[in-house]
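Structure assessment
Residues per chain, in single letters:
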Amino acid sequence: MHEDDATSISPELQRNVFLASVDSLYNLIRRTSTWPLMFGLACCAIEMICTAASRFDMGRFGMEIMRPSPRQADLMIVSGTVTKKMVPQIVRIFNQMAEPRYVISMGACATGGGPFKEGYNVVSGIDKFLPVDVYVPGCPPTPEALMHGFLKLHEKISRQSITQAPWYRKSADDAIPVPILGPDLLDPRRLAEVRERTLAPQGETAEPAAPVIAEVSPVARPAGGPLTPEEIERRKQEALARRAEIQRRRQTGGEDPSAAG
Ligand code: SF4
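Residues numbered from 1 in each chain as written. Predicted model: local features only at pLDDT ≥ 70, side-chain atom pairs only at ≥ 80, totals over all residues. Heavy atoms only, no water.

**As for the overall build of the chain**
Heads up, the rule is: Comment: elements are numbered from the N terminus, with helices defined as DSSP H or I runs of at least four residues and strands as E runs of at least two. When checking whether two residues touch, look at their non-hydrogen atoms; a contact exists if any pair is within 4.5 Å. Under the convention used here, a 1.4 Å probe and the Shrake-Rupley method define accessible areas, while residue burial counts only the protein chains that appear.
Tallying secondary structure elements over the chain gives nine helices and five strands in all. Traced from its N-terminal end to its C-terminal end, the chain shows the element sequence α-α-α-α-β-α-β-α-β-α-β-β-α-α. Contacts in the chain between residues at least 24 apart in sequence constitute 75% of all its contacts with a sequence separation of at least 6. When the accessible surface of the chain is totalled, it reaches about 15800 Å², and 57% of it is carbon and sulfur.

In structure tokens form, the structure reads like this:
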């Protein structure tokens, strides 16, 4: 503004009128009232509770109101070990949260399985099911680390634009199919394939069942639509090869037998 223009505005208005873009105002309101969902899964949840207590105080971010209902929550903090038994409930709760909604993966367990990685009952990363916005490393992460994650989430919210927000589009339908817990987690989108394999006469299904968890991921899914049977088969073969390689290395004490002798 030119100096002459500034002097032509009355002093009262100069002190009380501010100009801001719609986006900055909209995002300021959203990021300073990001109410977390009140739930925890394991030891990381204790650190999350500490973060909400007086010494650290999430209230400084307007985030102290943890909601027991997903209908009123904006942020899901996945804090702790994610077991396969728990995944259907987590996905169902996430689907019940209203947009805009965000996910923080807190700790090594939620991010990649942590000390229980490749355990028979543990999911190796919640991002195979939910679109994670911020990962907080650590086992467990300190309250300071979680607060740093909050700040990163606020930065992300600040960069969003109301004109491009996906949750205002009429066609937006991003509900994630709730996985089915059986002997392992099943992706509902693959039920036809599972049925076909199950009903096939014995001997015709020489291949072992596919590791289904890695294919449920909504974030890994290409934007073009559902995976083709060829792509599913290719990923399955890659996963089986990786698993065989890991077992082979364990049996040889971490050395590559092909390099020996
Ligand atoms: S990351 Fe460590 S502290 Fe957090 S839930 Fe897993 S084992 Fe517990």
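Now that the structure is up, let's keep going.
**Thoughts on the sheet that holds strand E3 (residues 134-136)**
Filter applied, for reference: The rule for pairing is simple: two strands pair if DSSP sees at least two bridges between them. Note on geometry: axes are lines fitted to C-alpha atoms, helical ones only across the stretch in contact, with angles between N-to-C directions running from 0 to 180 degrees.
One open sheet holds the three strands; their spatial order is E1-E2-E3, and the pairing between them is parallel. Only two strands of the sheet have a single neighbouring strand rather than two, namely strand E1 (75-79) and E3. Averaged over all neighbouring strand pairs, the angle between strand axes comes to 20 degrees, with direction disregarded. In this sheet, strand E2 (residues 102-106) lies alongside E1 in parallel orientation, the contact comprising five bridges. When the sheet's bridge partners are listed, Leu75 is paired in E2 with Tyr102.

**Remarks on helix H7 (residues 143-159)**
The condition that has to hold: Each helix should span, by expectation, one fewer than its residue count multiplied by 1.5 Å. Burial classes follow relative accessibility: with a 1.4 Å probe on protein chains only, a residue under 20% of its type's maximum area counts as buried, one over 50% as exposed, and anything between as partly exposed. To obtain the arc, one takes the directions from the helix axis to the C-beta atoms.
Taking 1.5 Å per residue as the helical rise, H7 with its 17 residues ought to reach 24 Å, and the 25 Å between its terminal C-alpha atoms agrees with that figure. Every buried residue of H7 is listed here: Pro143, Leu146, Met147, Gly149, Phe150, Leu153, His154 and Ile157. Around the axis of H7, the buried residues are gathered within 150 degrees of arc, so they sit on the same side. Where H7 is buried, its residues meet helix H3 (22-31), helix H4 (44-52), E1, E2 and E3.

**A look at the site of the ligand**
The line we're drawing: For this description, a residue counts as near a given molecule or strand if any of its non-hydrogen atoms is within 4 Å of it. Gly counts as polar in this scheme, as do all residues outside two lists: the nonpolar Ala, Val, Leu, Ile, Met, Phe, Trp, Tyr, Cys and Pro, and the charged Asp, Glu, Lys and Arg.
Around the ligand lies a shell formed by Ala42, Cys43, Cys44, Gly80, Thr81, Ala108, Cys109, Pro115, Gly138, Cys139 and Pro140. Across the shell around the ligand, the residue classes break down as eight nonpolar, three polar and no charged.

**Side note on a nonpolar patch on the surface**
This is how the line gets drawn: The patch calculation keeps residues exceeding 30% relative accessible area without a salt bridge and links them within 9 Å when they carry like charges or within 5 Å when they are nonpolar (Val, Leu, Ile, Met, Phe, Trp, Tyr). By convention in these notes, a salt bridge is any Lys or Arg side-chain nitrogen within 4 Å of a carboxyl oxygen on Asp or Glu.
Together, Leu13, Val17 and Leu19 make up a nonpolar patch on the protein surface, roughly 330 Å² of accessible area in all. In this fold, Leu13 is placed in helix H2 (residues 11-16).

**Here we look at the packing of H3 against H7**
Let me state the cut-off plainly: If an angle is under 35 degrees, it is roughly parallel; if it is over 145, roughly antiparallel; if it lies from 65 to 115, roughly perpendicular; otherwise it is oblique. Helix crossings get a hand from a simple test, with the near helix turned counterclockwise from the far one by less than a right angle marking a left-handed crossing and a clockwise turn marking a right-handed one.
Between H3 and H7, the least distance of the axes is 8 Å, while the angle of their chain directions is 150 degrees. Taken together, the axes of H3 and H7 lie roughly antiparallel to each other. Crossing of H3 over H7 shows right-handed handedness. For the pair H3 and H7, the contacting residues are Asn27, Arg30 and Arg31 in the first and His154, Ile157 and Ser158 in the second.

**Concerning helix H5 (residues 87-96)**
If you check which residues of H5 are buried, you get Val87, Pro88, Ile90, Val91 and Phe94. An end-on view of H5 places all buried positions within 165 degrees of arc, on one side of the element. Where H5 is buried, its residues contact E1, E2, strand E4 (180-181) and strand E5 (185-186).

**Here we look at unusual backbone geometry**
Backbone torsion omega between Glu99 and Pro100 reads -5 degrees, so that peptide bond is classified as cis. Take Pro100: it is sitting in the loop between H5 and E2. Following Cys139, the chain continues to Pro140 via a peptide bond in cis, the omega torsion being -10 degrees. The topology assignment puts Pro140 in the loop between E3 and H7. A positive phi angle, close to 70 degrees, is found at Asp57, a residue other than glycine. Locating Asp57 in the fold gives a position in the loop between H4 and E1. Positioned with a positive phi, Glu118 is a non-glycine residue whose angle comes to about 65 degrees.

**Looking at the pairing of E2**
Rules: When the strands point away from the viewer, a crossover counts as right-handed if the route from the first strand across the helix to the second turns clockwise.
The element E2 is largely enclosed, with a buried count of five among its five residues. On E2, burial covers both faces: Tyr102, Ile104 and Met106 on one face and Val103 and Ser105 on the other are all buried. Between E1 and its parallel partner E2, the chain crosses via H5, and the hand of that crossover is right-handed. Of the pairings in the sheet, the one linking E2 to E3 comprises three bridges and is parallel in character. Residue pairing across strands places Ser105 opposite Tyr135, the latter belonging to E3. Viewed along the sheet, the connection from E2 through helix H6 (residues 107-112) into E3 turns out right-handed.

These results come straight from atomic positions and should not be treated as a statement about function.
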